[in-house]
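So the chains spell out like this:
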There are 2 protein chains.
Amino acid sequence: MQLNNTSQYAIRILSYIARKQDEHLLSANELSKILNIPYKFLTKIMTKLVKAEFVESVRGRDGGFRLKDDAQKISVDDVLNLFNDSIKDEQCLLGIGACDTQCKCAMHDQWMKPKLLIQKLFRKSSIKDISKKGSKI
Amino acid sequence: MQLNNTSQYAIRILSYIARKQDEHLLSANELSKILNIPYKFLTKIMTKLVKAEFVESVRGRDGGFRLKDDAQKISVDDVLNLFNDSIKDEQCLLGIGACDTQCKCAMHDQWMKPKLLIQKLFRKSSIKDISKKGSKI
DNA sequence: TATTAATTCTACCTAAAGGTAGTAATTTAA
DNA sequence: TTAAATTACTACCTTTAGGTAGAATTAATA
Ligand code: SF4
Ligand code: SF4
């Protein structure tokens, strides 16, 4: 009942890049140190983010990463999808998710509300939104 | 962003026992077949449920399992706690959870609502509630 | 009492997530 | 033009969740 480690990292990385990229490119080294993410694991995540075209990279000395598109255009849900961590419509707490209105357990209706709220949260929150204020991200 | 497999199994097991135990003890064999849970894995879960005193077991021929307490007294949250799958108050989508009101990210407030709803759902739903109606559990 | 149907115990196996190591490729700047 | 700073690639290691195997223990009943 929590986002997996990798997507947590990815969101924090993108958020930090969005906040700082006007000053300079963000190197893996800086990201790793500031965000406290193991360097080698971070670079692995970065290549995924590059391939998915969320960020673009500049190789060589003074290189680094910057967002490819406007931070406003990347939703948290987009990122989660990359790491198979988004919430599907049929997702059910008990891993069944195939019950209809005739046949449903006591949790079904109560689960719908928070599920929809979370889906909305993921879909409506952009990286820009998240990167705005301080917080320990 | 989903309950882990083992707690899903556990909840479905307890729910099924609650629904059927007035008729007869539930053997691991029956539970495994009906609920479609690998037999050997199920027995492993059962011994945990026995040790946690959610169910009691009767050994030997015609043995099986029954709930130890009233199904009304066992909450879903109790079960989730046994499998480290409950939602802690400080649980945060980004694995930080240490931000205060002065310093919080854009997701913080939006995450609070669904989180509280889910915590409430887990704490207020008893095994009895879940076992009531049909569904594919 | 022997058989059988059941739980319990111990130990191991497998797959996936998370993480690490080393090296090649690329670019800048001294 | 060479050294340094950087990303990219390939392969491996570690931990954890999920699952399996086999033998020991228990109790009803034929
Ligand atoms: S009725 Fe219950 S088990 Fe079925 S999909 Fe809804 S929440 Fe899941
Ligand atoms: S502010 Fe954001 S990162 Fe900090 S605890 Fe709240 S949700 Fe988590």
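Residues numbered from 1 in each chain as written. Chains lettered and ligands numbered in written order. Predicted model: local features only at pLDDT ≥ 70, side-chain atom pairs only at ≥ 80, totals over all residues. Heavy atoms only, no water.

Draft legend 1. Looking closely at unusual backbone geometry. All names here are of chain B. Located in the positive-phi region is Asp62, a residue other than glycine, with phi close to 65 degrees. Within the element layout of this structure, Asp62 appears in the loop between strand 1 (55–58) and strand 2 (64–67). Phi is positive for Asn84, close to 50 degrees, though the residue is something other than glycine. Along the chain, Asn84 turns up in the loop between helix 4 (76–82) and helix 5 (108–124). Taking the relative accessible area as the measure of exposure, Asn84 reaches 71% and is therefore exposed. (Helix = DSSP H or I, 4+ residues; strand = E, 2+ residues; numbered from the N terminus. Buried < 20%, exposed > 50% of the residue type's maximum accessible area, 1.4 Å probe, protein only.)

Draft legend 2. Spatial organisation of the protein's contact with DNA strand C. Close contacts around DNA strand C come from 25 residues, with Lys40, Lys44 and Arg59 of chain A together with Ala28 and Arg59 of chain B the closest. When the atoms of DNA strand C within 4 Å of the protein are grouped by moiety, sugar and phosphate amount to 65% of the total. Between Thr6 of chain A and DNA strand C, the recorded distance is 2.8 Å, taken from a side-chain N or O atom to a phosphate oxygen. The contact in question runs from a base oxygen of DNA strand C to an N or O atom on the side chain of Lys40 of chain A, over 2.5 Å. When residues of the surface near DNA strand C are assigned to their parent elements, the largest contribution, four residues, is made by helix 3 (residues 39–51) of chain B. For the surface near DNA strand C, the class distribution of residues is seven nonpolar, ten polar and eight charged. (Near = heavy atom within 4 Å. Polar contact = N/O pair within 3.5 Å; in protein donor to acceptor, adjacent residues only side chain to side chain. Nonpolar A, V, L, I, M, F, W, Y, C, P; charged D, E, K, R; others polar.)

Draft legend 3. Looking closely at the relation of the copies chain A and chain B. The operation relating chain A to chain B is a screw motion whose rotation component is 180 degrees, with 0.0 Å of axial translation and a residual RMSD of 0.0 Å. Put plainly, the chains are arranged around a two-fold axis. A shared binding surface is used by both copies, with 100% of the interface residues of chain A retained as interface residues in chain B. (Least-squares fit on C-alpha atoms with pLDDT ≥ 70 in both. Contact = heavy atoms within 4.5 Å.)

Draft legend 4. The arrangement of the packing of aromatic side chains in detail. All names here are of chain B. Going through the model one piece at a time under the given rule, you end up with two aromatic pairs over all chains. Ring geometry for Tyr9 versus Phe41: centroids 5.8 Å apart, planes at 75 degrees, classification edge-to-face. Taken as a pair, Tyr9 in helix 1 (residues 5–20) and Phe41 in helix 3 lie far apart in primary sequence, 32 residues in all. A residue is classified by how much of its surface remains accessible, and Phe41, at 31% relative accessible area, is partly exposed. (Phe/Tyr/Trp six-rings, centres within 6.5 Å; stacked < 30°, edge-to-face > 60°.)

Draft legend 5. Main features of the site of ligand 1. Cys92, Ile96, Gly97, Ala98, Cys99, Lys104, Cys105 and His108 of chain A make up every residue found near ligand 1. Taken together, the residues of the shell around ligand 1 sort by class into five nonpolar, two polar and one charged.

Draft legend 6. A look at the nonpolar core. Residues Ile13 and Leu31 of chain A together with Ile13 and Leu31 of chain B are the most contacted members of the largest nonpolar core, which totals 82 residues. Among residues more than four places away in sequence, those in contact with Ile13 of chain B are Leu31, Leu35, Ile37, Leu42, Ile45, Met46 and Leu49 of chain B. (Core = buried A, V, L, I, M, F, W, Y, C linked by side-chain atoms within 4.5 Å.)

Draft legend 7. Expanded view of helix 1 (residues 5–20) of chain A. Residues and elements named next belong to chain A. A rise of 1.5 Å per residue sets the reference length of helix 1, with its 16 residues, at 22 Å; its end C-alpha atoms lie 23 Å apart and thus fit the reference within 8%. For helix 1, the complete set of buried residues consists of Ser7, Gln8, Tyr9, Ala10, Ile11, Arg12, Ile13, Leu14, Ser15, Tyr16, Ile17 and Ala18. Taken together, the buried residues of helix 1 touch helix 2 (28–35), helix 3 (39–51), strand 1 (55–58), strand 2 (64–67), helix 4 (76–82) and helix 6 (127–131). For helix 1, the capping residue at the N-terminal end is Asn4, with a side-chain oxygen 3.2 Å from the backbone nitrogen of Thr6. (Expected span 1.5 Å × (residues − 1).)

Draft legend 8. Up close: the protein's contact with DNA strand D. Around DNA strand D there are 25 residues in total, and Ala28 and Arg59 of chain A together with Lys40, Lys44 and Arg59 of chain B lie nearest to it. Asn5 of chain B places a main-chain nitrogen or oxygen 3.0 Å from a phosphate oxygen of DNA strand D. At 2.4 Å, a side-chain N or O of Lys44 of chain B approaches a base oxygen of DNA strand D. Looking at the surface near DNA strand D, the elements that each hand over two or more residues are helix 3, strand 1 and strand 2 of chain A together with helix 1 and helix 3 of chain B. Across the surface near DNA strand D, the residue classes tally to seven nonpolar, ten polar and eight charged.

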